[in-house]
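Structural description and commentary
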Amino acid sequence: MIAALSGAFDDISKAIRLHRVWIALAHEDIGDQHRRTTLGPLWMLVNYFAFVGTFVFVFVTKDAINPSYIAYVAIGMLVWFYLNETISVSVSLFQREASFIQGTTLPLFVYVMRLTMQCVIRAAYSMAGCVLILLLSGYGTNMNWLFSVPGLLLIILATPAFVVVFAFLGAFFPDSEFIVGNMMRVGMFFTPVFWVYSGQEGVQKYAYHWNPFTYFLESVREPITAGTFPMHALAVTGYFCLGLWALALLLLGLYRKRIVFLI
Amino acid sequence: MTAIKLNNVSLVYRLFEKLTLSAPGRRRSALGGNIASSGTKQVVQALDDVSFELKAGDRLGLVGPNGSGKTTLLKVLYGIYQPSAGTISIAGKVDALFNISIGFRPEATGRRNIVLRGLISGWTAAEIEEKMEEIIDFSELGDFIDLPFKAYSQGMAARLAFAAATALEPEILLMDEWIGAGDASFQEKAKRRMDELAEKAGIIVLASHDDTLIQRVCTKRMVLKNGRVESLT
Ligand SMILES: Nc1ncnc2c1ncn2[C@@H]1O[C@H](COP(=O)(O)OP(=O)(O)O)[C@@H](O)[C@H]1O
Ligand SMILES: [Mg+2]
């Protein structure tokens, strides 16, 4: 146990010393994905804007026309898409990096941070799209928005742990790539991304209270839609992150040397 | 002091057998490698009780048929694989050349790839800056250095890979078979550089099927067969 943790911290500290590697590689990745396109990475802003814009401006009914619902959906989708994308691409992380893992001695956490960095850069573009929608919908800005910052930081902090857990899952159980893909697709409907929970009984109640993603979403969204500091959501998210990190460290410590034989 | 020491090193690859309905007819392979099964898993014993010692200035040539464990041994020395049994101790800064394209991004230019390769090997920005021109000179790529890596021929890629791997004068250099990719004049240059490296009390381990290359470059020769050391002279 102690040995596992010290192994994990060794891997992480080596990776942090090599921070220039994953920063450079993440930039190359983003560049490669958009090479030869005219808009380049701005496509990510366009994608988000088109999707959420379509949703809010086409599906709005009379009660949903109010700007606070638009903000609700826009922020919900921002956070949901971020977590969804991170988890979905994490499952195949080690398979995708196979040639590096089998050819260099870089610590595994370098690949984790490379993906984290990539996801954060993409999310920054989506976030620009989100702010644009908030402004266009006539939703005024105010100081309460700052209460969202701790939630955003917590999500970024949780990202490497999500990546580690799902990357190991994908390496040990290749079937999980498809299972996780399906679950995330269905998960959107079980998470209050575009539906509002207002005390109903039944499935929605459980989906609201027992879904960890609810709290990730609410800790960013509540300050903007309700103007309050999201104490409860932050607390739950915080505990969830601690648990996730503990699991991630354990996996990294125990199994990092096995990965090269599995991919 | 630069040194390598292996004691009874073994390495086993475990393969997960896919479910299949066809009969498991087995044929003996004339090549190296031992397949065995343990339970539902197949295992390949790639290295079997390998022990040897190298000291500063040694240049070891690894020979043996395909599948005899040369690449596996190099990867164990580099630290990519942890041996299944046995101990290994290495003193010295190691660099390795396995596959020409490892660590190179096809879309990035040669110059950018040198930077990335340097970062991956843990060089500082100053070291990369300092070695850049020398690497470009040694590789003789000229203006091609600013073209994407995917536009390089095999031999050009080999020149760049070799120049980059040897630029920072690793104390231990591991090389897999492909080194024969360059043309004659490059081979000559590469040999000179390997000589320099060995004279600076470095260690070179080179796997190759090219006996003349091994004779030209190496001072010791180890024959692997089925993952075992057959002879070391
Ligand atoms: N990733 C792997 N998974 C399973 N078996 C492998 C793997 N890599 C190599 N082997 C097996 O290990 C043995 C040694 O391979 P290798 O070291 O590549 O030989 P060489 O480089 O001498 O041709 C072979 O029998 C090969 O089939
Ligand atoms: Mg080989």
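Parameters at a glance
Residues numbered from 1 in each chain as written. Chains lettered and ligands numbered in written order. Predicted model: local features only at pLDDT ≥ 70, side-chain atom pairs only at ≥ 80, totals over all residues. Heavy atoms only, no water. UniProt positions renumbered as here; feature names shortened; annotations may be inferred. Contact = heavy atoms within 4.5 Å. Buried area = accessible area lost by both parts, 1.4 Å probe. Salt bridge = Lys/Arg side-chain N within 4 Å of Asp/Glu carboxyl O. Polar contact = N/O pair within 3.5 Å; in protein donor to acceptor, adjacent residues only side chain to side chain. Helix = DSSP H or I, 4+ residues; strand = E, 2+ residues; numbered from the N terminus. Near = heavy atom within 4 Å. Areas by Shrake-Rupley, 256 points an atom, 1.4 Å probe, with all protein chains shown as cover. Nonpolar A, V, L, I, M, F, W, Y, C, P; charged D, E, K, R; others polar. Expected span 1.5 Å × (residues − 1). Buried < 20%, exposed > 50% of the residue type's maximum accessible area, 1.4 Å probe, protein only. 1 Å grid on protein atoms, 1.4 Å probe; cavity = no way out; pocket = protein on both sides within 12 Å on 5 of 7 lines; lining within 4 Å. Points joined across faces, edges and corners; volume = space filled by probe spheres on them. Phe/Tyr/Trp six-rings, centres within 6.5 Å; stacked < 30°, edge-to-face > 60°.

- Per an unreviewed UniProt entry, chain B is named Sugar ABC transporter ATP-binding protein, and its organism is Mesorhizobium kowhaii.
- Turning to chain B, the UniProt annotation filed under Sequence similarities (unreviewed entry) states: "Belongs to the ABC transporter superfamily."

- If you check an unreviewed UniProt entry, chain A appears there as ABC transporter permease from Mesorhizobium kowhaii.
- According to the UniProt record, the Sequence similarities (unreviewed entry) comment for chain A reads "Belongs to the ABC-2 integral membrane protein family."

Observations concerning the interface of chain B and chain A
- Counting residues at the interface gives 23 residues for chain B and 22 residues for chain A.
- Summed over both partners, the interface of chain B with chain A comes to about 2000 Å²; 62% of that surface belongs to carbon and sulfur atoms.
- When residues of chain B are sorted by the area they lose upon contact with chain A, Arg105, Leu119 and Ile120 of chain B head the list and together hold 31% of the total.
- Inspection of the chain B/chain A interface yields five salt bridges.
- One salt bridge connects arginine 105 of chain B with glutamate 28 of chain A, and the closest N-O pair in it is separated by 3.8 Å.
- Across the contact surface, chain B and chain A share four residue pairs in polar contact (both at pLDDT 80 or more).
- Those elements that place two or more of their residues in the side of chain B that touches chain A are strand 1 (3–16), helix 1 (70–78) and helix 2 (110–120) of chain B.
- By residue number, the principal contributor to the side of chain B that touches chain A is helix 2 of chain B, which donates four residues.

Some words on the UniProt feature "transmembrane region" (unreviewed entry) in chain A
Residue and element names in this part refer to chain A.
- Taken from the UniProt record, the annotation "transmembrane region" (unreviewed entry) applies to residues 42–60, 66–83, 119–139, 145–171, 178–197 and 233–255.
- Helix and strand shares over residues 119–139 are 86% and 0% respectively, and the end C-alpha atoms of the span are 27 Å apart.
- Span residues 145–171 is 89% helix and 0% strand, its end C-alpha atoms 39 Å apart.

Focus: the side chain of lysine 189 of chain B
Residues and elements named next belong to chain B.
- Checked against the element boundaries, lysine 189 lands in helix 5 (residues 184–199).
- Within polar-contact distance, the side chain of lysine 189 engages the side chain of glutamate 140 at 2.8 Å.
- Those residues in contact with lysine 189 that sit more than four places away from it in its chain are Asp137, Phe138 and Glu140.

With respect to the site of ligand 1
All names here are of chain B.
- In the region of ligand 1, 13 residues are neighbours, and Gly67, Gly69, Lys70, Thr71 and Thr72 sit closest.
- Contact between ligand 1 and lysine 70: an oxygen atom at 2.9 Å from a main-chain N or O atom of the residue.
- Here threonine 72 contributes a side-chain N or O atom positioned 2.5 Å from an oxygen atom of ligand 1.
- Calculation on ligand 1 without its partners gives an accessible area of 560 Å², and the protein chains cover 69% of this total.
- Put simply, the parts of the chain that give the shell around ligand 1 at least two residues each are strand 1, strand 3 (41–55) and helix 1.
- Examining the composition of the shell around ligand 1, we find that three residues originate from one element, helix 1, more than from any other.
- Looking at the shell around ligand 1, its residues break down into five nonpolar, seven polar and one charged.

Focus: helix 11 (residues 212–225) of chain A
Residue and element names in this part refer to chain A.
- Taking 1.5 Å as the rise per residue, helix 11 with 14 residues should run 20 Å; its terminal C-alpha atoms sit 20 Å apart, in good agreement.
- Counting buried residues along helix 11, eleven of its 14 residues qualify, which places the element largely inside the surrounding structure.
- Buried within helix 11 we find Phe213, Thr214, Tyr215, Phe216, Leu217, Glu218, Ser219, Val220, Arg221, Pro223 and Ile224.
- Considering only its buried residues, helix 11 is in contact with helix 4 (67–90), helix 8 (148–172), helix 9 (176–190), helix 10 (203–209) and helix 12 (231–255).
- The N-cap of helix 11, judged by a side-chain oxygen 2.9 Å from the amide nitrogen of phenylalanine 213 a few residues on, is asparagine 211.

Side note on the layout of surface pockets
- By volume, the largest pocket amounts to about 1200 Å³.
- Thr104, Thr105, Leu106 and Pro107 of chain A together with Tyr78 of chain B are, among the 46 residues lining the largest pocket, the residues nearest its centre.
- Elements supplying a minimum of two residues to the lining of the largest pocket: helix 1 (2–17) and helix 13 (259–262) of chain A together with helix 1, strand 5 (85–91), strand 6 (94–97) and helix 2 of chain B.

Quick word on the packing of aromatic side chains
- Tallied over the full model, the rule gives 23 aromatic pairs over all chains.
- Judged by centre distance (5.7 Å) and plane angle (90 degrees), the rings of phenylalanine 216 of chain A and phenylalanine 240 of chain A are edge-to-face. Here the residue phenylalanine 216 of chain A occupies a position in helix 11, and phenylalanine 240 of chain A occupies one in helix 12, the gap between them amounting to 24 residues.
- Under the relative-accessibility criterion, phenylalanine 240 of chain A is labelled partly exposed at 30%.
- Here the aromatic rings of phenylalanine 162 of chain B and phenylalanine 186 of chain B are separated by 5.8 Å at their centres, their planes lie at 90 degrees, and the arrangement is edge-to-face. Here phenylalanine 162 of chain B is found in helix 4 (residues 154–167), whereas its partner phenylalanine 186 of chain B is found in helix 5, with 24 residues between them in sequence. Of the two residues, phenylalanine 162 of chain B and phenylalanine 186 of chain B, neither departs from the other in class, the shared state being buried.

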